[in-house]
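What follows is each chain in one-letter form.
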Amino acid sequence: MTKRVGFATRLGAIAAAVGSAVGLGNIWRFPYEAGVNGGGAFILVYICCIIVMGIPVILSEFIIGRSTHSNMKAALKKLSPGKKYYLFTYLCILGSFVVIGFYSVVCGWIIEYLYQAVLGNLSGHTPQEYNEMFTSLVASPWRCVGWTVLFLVLNFIVMSRGIEKGIERVASIMMPLLFVILIIFCVNSLLLPGASKGLKFLFYPDFSQLTMRGVLDAFGQAFLSLSIGISCLVTYSSYFKDDTSLAKDATTVAVLDTLVAILSGVMIFPAVFSFGVEPTAGPRLIFEVLPGIFQQMTGGYIWALLFFLLVFFASLTSTISLSEIPITFLIEEHKMSRGRAIAWTALFTFALAVIAALSFNVLDDIKLWGKNIFDMMDYAASNIFMLLGGLFTAVYVGWILDRKVIHEQITNGGRLKGSMEPFLIFCLRYVAPVSIIFIFLYLTGII
Ligand code: PHE
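Residues numbered from 1 in each chain as written. Predicted model: local features only at pLDDT ≥ 70, side-chain atom pairs only at ≥ 80, totals over all residues. Heavy atoms only, no water.

Considerations on the overall build of the protein chain
For the protein chain, the count of helices and strands is 18 helices and 0 strands. For 447 residues, the compact-globule estimate of 2.2 N^0.38 gives 22 Å, and the C-alpha radius of gyration of the protein chain, at 21 Å, lies within 12% of that figure. Dimensions along the principal axes, computed over C-alpha positions, put the protein chain at roughly 60 × 50 × 40 Å. Residue pairs at least 24 apart in sequence account for 82% of intrachain contacts in the protein chain once pairs closer than 6 positions are excluded. For the protein chain, the exposed area adds up to about 17,200 Å²; of that, 68% sits on carbon and sulfur atoms. A distance of 10 Å separates the average location of the 30 positive side-chain charges in the protein chain from that of its 25 negative side-chain charges. (Helix = DSSP H or I, 4+ residues; strand = E, 2+ residues; numbered from the N terminus. Rg over C-alpha atoms; globule rule 2.2 N^0.38 Å. Contact = heavy atoms within 4.5 Å. Areas by Shrake-Rupley, 256 points an atom, 1.4 Å probe, with all protein chains shown as cover. Lys, Arg positive; Asp, Glu negative; His and termini not counted. Charge placed at Lys NZ, Arg CZ, Asp CG, Glu CD.)

The structure is reproduced here in structure tokens:
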């Protein structure tokens, strides 16, 4: 097999998985999804979803990956010889392109804000001016496309160098630093006048604010944030060592990822209410609110710089794991060299990302159900691709996969207790499929 991510240590493996999970999904998307879906009740559904679907599906992907030490297609062929389950891999690959397509546009915005932070342009403005700053960015095709392309070039340079040591090391330094910085920003936000309103919005579950669509959004958000449903964690776990405790690692990834999301909420919402920004502002939310937080702080210039730098790295560790899905597939299933596989992946990614970047300006009159192309990709990625992928994974491991494989993987061949197994099977067989199917049927109007 071609060598890709050689996780030398358990910490390296965890850092890479957490690096994939923690990204814009937590810092950018979670707060705005919570904002448009009414806050507290959304977050409660989100957390339940992480426990009964997120952790079981992460664990399932780990089981598939580590038991076969192969990419998704080869893994499904090995685990179910003679069956067609491996066709699911194509959905994963398509899904990974859709995610990275819209995701890299936001990464581009992050680089623009990083650049503005370097120039010192992020301070000294009114909330209205921050609003205009973002509006002028997305209205400019050149700036949007330029930053997105720059981000992708950086992404593929890292990929071409091999992601072994560099990204693993960067992730293990940057992630803890990101935590510390987030906590500092949270404390700062909590000291703002009117902070308690923000906390109430975030933590008080007002179910009258939550629609069924909001529940679907919470499911989709959880799957996107945990990087599950498109075989990303199958790829990573195929390089795990045989003595790693999969249950422990799956839980660690989910807990850390959720913590970053909640901390981002605690950082943003007190400021949202204090600065009078609408919590329903959508994708622009953090870009309007964050600069306001920085300018309240002593040494705001440095904080802004540090923050966007860390978010940049957090998103890079995510896009790397995303592009690794098609790259690995092309190398192993189509016998391409790494360089060729990267070139093909880059070609598709650039095309999709440029279209997404233009959907706020040149292509902004192309709309379906009121959503522009970017919004559609964002919506389809998590609420359709990842959720359907999660459903497949749950049903496959819960109902189809040989129980011996599951037991063997969870207990490491009988060496661990594996007390999570009954919970895992119950969630995979019943909770996840029933909830996902129910929500789809409800939203399509069938029930
Ligand atoms: N989980 C990442 C985030 O929250 C996004 C991602 C999705 C990464 C799917 C890899 C695979 O930002």
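As for the site of the ligand
Close contacts around the ligand come from 16 residues, with A21, G25, Y103, L224 and S227 the closest. For the ligand, a nitrogen atom lies 3.0 Å from a polar atom in the side chain of S227. Calculation on the ligand without its partners gives an accessible area of 320 Å², and the protein chains cover 100% of this total. Because more than half of its atoms lie within 2 Å of the grid, the ligand is assigned to the largest cavity. Listed by contribution, the elements that provide at least two residues to the shell around the ligand are α1 (10–21), α2 (24–36), α10 (212–225) and α14 (300–333). In terms of residue class, the shell around the ligand is built from 8 nonpolar, 8 polar and no charged. (Near = heavy atom within 4 Å. Polar contact = N/O pair within 3.5 Å; in protein donor to acceptor, adjacent residues only side chain to side chain. 1 Å grid on protein atoms, 1.4 Å probe; cavity = no way out; pocket = protein on both sides within 12 Å on 5 of 7 lines; lining within 4 Å. Sits in = over half its atoms within 2 Å of the grid points. Nonpolar A, V, L, I, M, F, W, Y, C, P; charged D, E, K, R; others polar.)

Overview of the nonpolar core
In this structure, W28, W109 and F307 are the most contacted members of the largest nonpolar core, which totals 159 residues. In terms of residue count, helix α5 (residues 88–119) provides more of this core than any other element does, 18 residues in total. (Core = buried A, V, L, I, M, F, W, Y, C linked by side-chain atoms within 4.5 Å. Buried < 20%, exposed > 50% of the residue type's maximum accessible area, 1.4 Å probe, protein only.)

Notes on the pattern of salt bridges
As enumerated under the stated definition, the model contains 6 salt bridges in all. Notably, a salt bridge pairs E112 with R143, separated by 2.8 Å at the nearest N-O pair. Of this pair, E112 sits in helix α5 while R143 sits in helix α7 (residues 141–160), and the two are 31 residues apart along the sequence. Among the ionic pairs, R284 bridges to E288, the shortest N-O distance being 2.5 Å. (Salt bridge = Lys/Arg side-chain N within 4 Å of Asp/Glu carboxyl O.)

Considering empty space enclosed by the protein
Per the stated rule, a full pass over the model turns up 4 cavities of 30 Å³ or more. One number sums up the size of the largest cavity: a volume of about 130 Å³. Lining the largest cavity are 15 residues, and of these S20, L224, S227, S318 and L322 sit closest to its centre. The residue inventory of the lining of the largest cavity, partitioned by class, reads 8 nonpolar, 7 polar and no charged. (Points joined across faces, edges and corners; volume = space filled by probe spheres on them.)

A few points about the environment of N412
Assignment of secondary structure puts N412 in the loop between α17 (403–410) and α18 (421–443). Taking relative accessible area as the criterion, N412 reaches 4% and is therefore assigned buried. A C-alpha to C-alpha distance of 8.5 Å links N412 and L246, two positions 166 residues apart in sequence. Within the structure, the side chain of N412 is placed 2.6 Å from the side chain of R66, a separation counted as a polar contact.

A closer look at the packing of α2 against α10
Remark: α2 packs on α10, axes separated minimally by 11 Å, with the N-to-C direction vectors making an angle of 175°. With respect to their mutual orientation, α2 and α10 come out roughly antiparallel. The segment α2 lies against α10, with G25, N26, R29, F30 and E33 engaging D217, Q221, L224 and S225. Looking at the contact of α2 with α10 residue by residue, the class counts come to 2 nonpolar, 4 polar and 3 charged. (Axes fitted to C-alpha atoms, helices over the stretch in contact; angles between N-to-C directions. Parallel < 35°, antiparallel > 145°, perpendicular 65-115°, else oblique.)

Topic: the state of the cysteines
Applying the stated rule across the entire model yields 0 disulfides. For the unlinked cysteine C92, the closest cysteine sulfur is that of C232, found at 10 Å. Exposure remark for C92: the relative accessible area of 1% places this residue in the buried category. Lacking any disulfide linkage, C144 is separated from the closest cysteine sulfur, that of C107, by 13 Å. (Disulfide = S-S within 2.5 Å.)

Some thoughts on the packing of aromatic side chains
In the structure shown here, the tally under the stated rule is 37 aromatic pairs. Relative to Y46, the ring of F42 lies with its centre 6.5 Å away and its plane at 15°, an arrangement referred to as stacked. Pair noted here: F42 and Y46 are both in helix α3 (residues 40–68), with a separation of 4 residues, about one helical turn. We note that F42, like Y46, is buried. We note K200 situated over the ring of Y204; from NZ or CZ to the ring centre the distance is 5.5 Å. (Phe/Tyr/Trp six-rings, centres within 6.5 Å; stacked < 30°, edge-to-face > 60°. Lys NZ or Arg CZ within 6 Å of the ring centre and 35° of its normal.)

Side note on the packing of α14 against helix α15 (residues 338–358)
Viewed as axis vectors pointing N to C, α14 and α15 meet at an angle of 130°, and their least axial separation amounts to 9 Å. Considering the angle they form, α14 stands oblique to α15. Viewed along their axes, α14 and α15 form a crossing whose handedness is right-handed. Only R338, A341, I342, W344 and T345 of α15 make contact with α14, whose side of the interface consists of S323, E324, P326, I327, L330 and I331. Residue composition of the contact of α14 with α15, by class: 7 nonpolar, 2 polar and 2 charged. (Left-handed = near helix turned anticlockwise from the far one by under 90°.)

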